[in-house]
Amino acid sequence: MTQVRVVGAGPAGLMAAEVLASAGLTVTIVDHHKSPARKFLLAGRGGLNLTHNEPLERMLDRYGSGRDLLEPALRAFPPEALLGWCHGLGIETFVGSSNRVFPKGLRASPLLRAWLRRLEGLGVTLQSQTAWAGFDDMPTILALGGASWPELGSNAAWVKIFEKAGVQVTPLQPSNGRQMVAWSEHFTSRFAGTPLKNVDVTVAGRTVRGEVMITRDGIEGGAIYALSPQFRQSRIMQIDLKPDMSNEVLAERMAFPQGKQSRSNYLRKAAGLTPVGISLMREGASESPKAITISTLGPAGNSRSISTAGGVAASEVDETFRLRKFPNTYVVGEMLDWDAPTGGYLLQACFSTAYVAAKAIASTINGAAGKGLF
């Protein structure tokens, strides 16, 4: 049999299709939407973060408990392989100040157009508006995503099919998303949409420095996203507005009497706080800008998160992501049980797992050498 089906036309599915077709197999991509890679295109609107420029060992550690599951795939298709593939499409890349890697145009659409042209040249067929119905004997790679942004394709409808078939699925949970907070109306009316830069946020014993953004119903931003696993353990966060100022220096500055100054003016002059920082202290009923305790209401939900954690349990697949109960079926990308921080780690692992699964199918069909694999 030389026909292989890929279900899901996101980046993981398209990568799997390319590897399979490059090996001379007949590939059909099935997707329930009219057009492919809709979430990929949305991600590219703010600058498509493809991967991260750092030593592989450090990158592997970023995946936390998911490292064991993902490490073989990330070694088989590491960031330099991803960038070589991207350059082969005629898309140049650059490394940003935070070591994140982007296409030079910062958009996903030129890359996607070049990619779809390559797939068409390889004879890949895209069958749109067709939902996956369940397991059968056709060699299949499932790249159906998690549960974030369901209107763009990843609606997690596959979970019920897997559970009914007896495949263990760790519940999908929001990751890299907004944490809800019951701010006062006075605070949100003044500061919704205002950033707090270079702050330390601590949750469940872990501290991350970065920027956060106040929203009408919560708080988000890089430092909040990075603490997604910790927010699943605790809904209490502590914010340090002056992480580079020691407690001793702060105490010395605030030892001067307030006098006739308002509390706001006093804090602005003594501690160098901005209006949003001063108001945040009031929200947390805090006397110190270095220890503002805020209680959250939990995450905004799967549909409003950048990605989801959870998925098909590692025990249900082998090292090539083949399902043990359904040996003709492989599971890749965000369907697997792992959690990625922002910074290009999500896309990198989606590409890498798809590459390994597709290579395994092609090698099985074509022989151990897996002819034609790039």
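So, a few notes on the structure that sits alongside this text. (Residues numbered from 1 in each chain as written. Predicted model: local features only at pLDDT ≥ 70, side-chain atom pairs only at ≥ 80, totals over all residues. Heavy atoms only, no water.)

With that settled, the discussion passes to the sheet that holds strand β4 (residues 93–95). One open sheet holds the 3 strands; their spatial order is β3-β5-β4, and the pairing between them is antiparallel. Only two strands of the sheet have a single neighbouring strand rather than two, namely β3 (51–52) and β4. Pairing of β4 with strand β5 (residues 100–103), which is carried by 3 bridges, proceeds in the antiparallel orientation. Bridge pairing in β5 places Thr93 opposite Pro103. (Pairing = 2+ DSSP bridges. Helix = DSSP H or I, 4+ residues; strand = E, 2+ residues; numbered from the N terminus.)

A separate point is the packing of helix α5 (residues 79–88) against helix α6 (residues 109–121). Relative to each other, α5 and α6 sit at 80°, their axes nearing to 10 Å. In terms of their interaxial angle, α5 and α6 are classed as roughly perpendicular. Facing Trp85, Cys86 and Gly88 of α5, the residues of α6 in contact are Leu111, Trp115 and Arg118. The class makeup of the residues in the contact of α5 with α6 is 4 nonpolar, 1 polar and 1 charged. (Axes fitted to C-alpha atoms, helices over the stretch in contact; angles between N-to-C directions. Parallel < 35°, antiparallel > 145°, perpendicular 65-115°, else oblique. Contact = heavy atoms within 4.5 Å. Nonpolar A, V, L, I, M, F, W, Y, C, P; charged D, E, K, R; others polar.)

A word on the nonpolar core. Counting residues in hydrophobic clusters, the biggest one holds 78 residues, and the most contacted among them are Trp85, Leu111, Ile141, Trp158, Phe162 and Trp338. Look past the residues within four positions of Leu111 in its chain and what remains in contact with it is Phe40, Leu48, Leu50, Trp85, Cys86, Leu89 and Ile91. Residues Leu250, Leu267, Met281 and Ile294 belong to the second largest nonpolar core, which totals 30 residues. (Core = buried A, V, L, I, M, F, W, Y, C linked by side-chain atoms within 4.5 Å. Buried < 20%, exposed > 50% of the residue type's maximum accessible area, 1.4 Å probe, protein only.)

What follows covers empty space enclosed by the protein. Applying the stated rule across the entire model yields 1 cavity of 30 Å³ or more. Here the largest cavity defines a volume of roughly 40 Å³. Around the largest cavity, the lining residues are Pro174, Ser175, Asn176, Gly177, Arg178, Gln179, Ser228, Pro299, Ala300, Gly301 and Ser305. No other element matches the 4 residues that strand β8 (residues 169–177) contributes to the lining of the largest cavity. Residue composition of the lining of the largest cavity, grouped by class: 3 nonpolar, 7 polar and 1 charged. (1 Å grid on protein atoms, 1.4 Å probe; cavity = no way out; pocket = protein on both sides within 12 Å on 5 of 7 lines; lining within 4 Å. Points joined across faces, edges and corners; volume = space filled by probe spheres on them.)

On to the layout of surface pockets. Each pocket or cavity is described by its volume, and for the second largest pocket that value is around 790 Å³. Lining the second largest pocket we find 37 residues, and of these Arg62, Arg206, Ala226, Pro341 and Thr342 sit closest to its centre. Contributions of two or more residues to the lining of the second largest pocket are made by β8, β11 (206–215), α9 (222–226), α10 (228–231) and β16 (305–312). Sorting elements by how many residues they give to the lining of the second largest pocket places β8 first, with 5 residues. When grouped by side-chain class, the residues that make up the lining of the second largest pocket number 14 nonpolar, 16 polar and 7 charged.

The subject of this paragraph is the environment of Phe77. Residue placement: Phe77 occurs in the loop between α4 (67–76) and α5. Among the residues examined, Phe77 registers a relative accessible area of 2% and is labelled buried. Spatially, the C-alpha atoms of Phe77 and Val356 are 7.7 Å apart, while their sequence positions differ by 279 residues.

These figures come from the coordinates and say nothing about function on their own.
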